[in-house]
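Observations on the model geometry
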Amino acid sequence: MAVCTVYTVQSLNSTCSISTPNKTHLGFQQKQVVFYTSSKRSSKRGGGGITCAAADSQTIVIGLAADSGCGKSTFMRRLTSVFGGAAEPPKGGNPDSNTLISDTTTVICLDDYHSLDRTGRKEKGVTALDPRANNFDLMYEQVKAIKDGIAVQKPIYNHVSGLLDPPELIKPPKILVIEGLHPMYDKRVRDLLDFSIYLDISNEVKFAWKIQRDMAERGHSLESIKASIEARKPDFDAYIDPQKQYADAVIEVLPTQLIPDDNEGKVLRVKLIMKEGVKFFNPVYLFDEGSTISWIPCGRKLTCSYPGIKFAYGPDAYFSNEVSVLEMDGQFDRLDELIYVESHLSNISTKFYGEVTQQMLKHADFPGSNNGTGLFQTIVGLKIRDLYEQLTASRAAGSLQATKA
Ligand SMILES: Nc1ncnc2c1ncn2[C@@H]1O[C@H](COP(=O)(O)OP(=O)(O)OP(=O)(O)O)[C@@H](O)[C@H]1O
Ligand SMILES: O=C(CO)[C@H](O)[C@H](O)COP(=O)(O)O
């Protein structure tokens, strides 16, 4: 016979969950809960319980999608720096953990949801990009739980051994960033995202970066790098690349158009594609919102050596979405002069004049600091801070209203 247990949740406007040995993480938002069990044992005595998190302290979830070696870690370092404080792996945990925790943010790597380890993938003949090598049910359940204020035991994929290690505890942070190959692949996970970013690195540039890192830092041969890129391409095209249609912001990195037939890949043309109509996200603009602008800032106020710098801005369409696109081709000679460019950009969500330039100077040694990749990653970091502040303010206002009612 079913036993009915009634729990009264103390605080209004809380997001709560019941956990039992058999079923976990049932999110609900109400004052009183009727909980049915199939035996006389109540959920509390069975090792479960109720957990509640105040609605105005709910975790905000950001998704960052990109292929491996496309600058996700660099972007994350810029983002956590905007919030202040350094991001570190969980203290006293697995030294091969992929997680980075700072005061405000926790970054989890979605590689941790690989369901097949390196040997398993080899035996089945699938790549890590293939959805069959990943556990989207668990990814959804755990991201939802964290968003609802509930800590989870997240698995760890060990990139050193290629094995799945024992799980680590992830407590709900203010901002959870899920970065990796598939943050927007599964609709259930996608719907949990408060903001999403896709790093779209063209094949030519991806190849140049992979060579730079994997040859110089990891001792791979040119042939093996080429072979790995080729082997991943069909699955990249099928499962990773299509996610960009869902992103609120896309940073697209292309070879320069300033040097005819350039094949060195050192000078880059970078586009920041920003979706219109996203709540709490106002796209950045150059000079005049909604106009089409082309701007060469080189001259008296900005030092430019060959091939110079060119900016462009204007409205466009991207996968049938209305977007604004800001583009920078070329690279800066002197980072301190970036203030001149910054002063012509609007809606950059800075807290003081020159904050973009200050952030760029602070991390001048990060890859991409002299071009549009670093500039746009920094701006997106500031936009995420702004979105976080607006979202939390609106939730707090909502809670206050509900308490008064
Ligand atoms: N903006 C950039 N400009 C030039 N090179 C870059 C840039 N971003 C990244 N790279 C190059 O790509 C390499 C990989 O960058 P990063 O580690 O940030 O990528 P990732 O997506 O986190 O990689 P993985 O998923 O494989 O860990 C860097 O070592 C660097 O060589
Ligand atoms: O695409 C990747 C994302 O980082 C990796 O290749 C994938 O996670 C498998 O890792 P490894 O090559 O270490 O077994």
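Rules behind the numbers
- Residues numbered from 1 in each chain as written.
- Chains lettered and ligands numbered in written order.
- Predicted model: local features only at pLDDT ≥ 70, side-chain atom pairs only at ≥ 80, totals over all residues.
- Heavy atoms only, no water.
- Phe/Tyr/Trp six-rings, centres within 6.5 Å; stacked < 30°, edge-to-face > 60°.
- Lys NZ or Arg CZ within 6 Å of the ring centre and 35° of its normal.
- Salt bridge = Lys/Arg side-chain N within 4 Å of Asp/Glu carboxyl O.
- Helix = DSSP H or I, 4+ residues; strand = E, 2+ residues; numbered from the N terminus.
- Core = buried A, V, L, I, M, F, W, Y, C linked by side-chain atoms within 4.5 Å.
- Buried < 20%, exposed > 50% of the residue type's maximum accessible area, 1.4 Å probe, protein only.
- Contact = heavy atoms within 4.5 Å.
- Near = heavy atom within 4 Å.
- Polar contact = N/O pair within 3.5 Å; in protein donor to acceptor, adjacent residues only side chain to side chain.
- Areas by Shrake-Rupley, 256 points an atom, 1.4 Å probe, with all protein chains shown as cover.
- Nonpolar A, V, L, I, M, F, W, Y, C, P; charged D, E, K, R; others polar.
- UniProt positions renumbered as here; feature names shortened; annotations may be inferred.

This part takes up the packing of aromatic side chains. Across all of its chains, the model carries eight aromatic pairs by this definition. Here arginine 190 stacks its cationic end above the ring of tyrosine 246, 3.7 Å away from the centre of that ring.

The subject of this paragraph is the pattern of salt bridges. Under the counting rule described, the total for this entry stands at 21 salt bridges. The closest approach of N and O atoms between aspartate 194 and lysine 147, which form a salt bridge, is 3.2 Å. Of the two residues, aspartate 194 is situated in the loop between helix 4 (187-190) and strand 11 (195-201) and lysine 147 in helix 3 (residues 136-147); the sequence distance between them amounts to 47 residues. Bridged by salt links that share partners, the residues Asp67, Lys206 and Arg232 form one connected network.

Moving on, we come to the nonpolar core. Residues Phe195 and Leu375 are the most contacted members of the largest nonpolar core, which totals 57 residues. Broken down by element, the residue count for this core peaks at nine residues, all from helix 9 (residues 372-404). Those residues in contact with leucine 375 that lie beyond four places of it in its chain are Phe311, Met328, Phe332, Leu338, Val356 and Met360. Counting 31 residues, the second largest nonpolar core, distinct from the first, contains Tyr113, Ile150, Phe236 and Val250.

Once that is clear, we can look at the site of ligand 2. All residues in the neighbourhood of ligand 2 are listed as Ser68, Asp111, His114, Arg118, Arg121, Ala128, Tyr157, His159, Leu181 and Arg232. Within the side chain of histidine 159, one N or O atom sits 2.8 Å away from an oxygen atom of ligand 2. Measuring from an oxygen atom of ligand 2, one finds a side-chain N or O atom of arginine 232 at 2.7 Å. For ligand 2, whose unbound accessible area comes to 360 Å², protein coverage reaches 79%. Residue classes in the shell around ligand 2 are distributed as three nonpolar, three polar and four charged.

The UniProt record marks residues 61-259 with the feature "domain: Phosphoribulokinase/uridine kinase" (unreviewed entry), using the residue numbering of this structure. Counting secondary structure, residues 61-259 comes out at 34% helix and 23% strand; the distance between its end C-alpha atoms is 40 Å.

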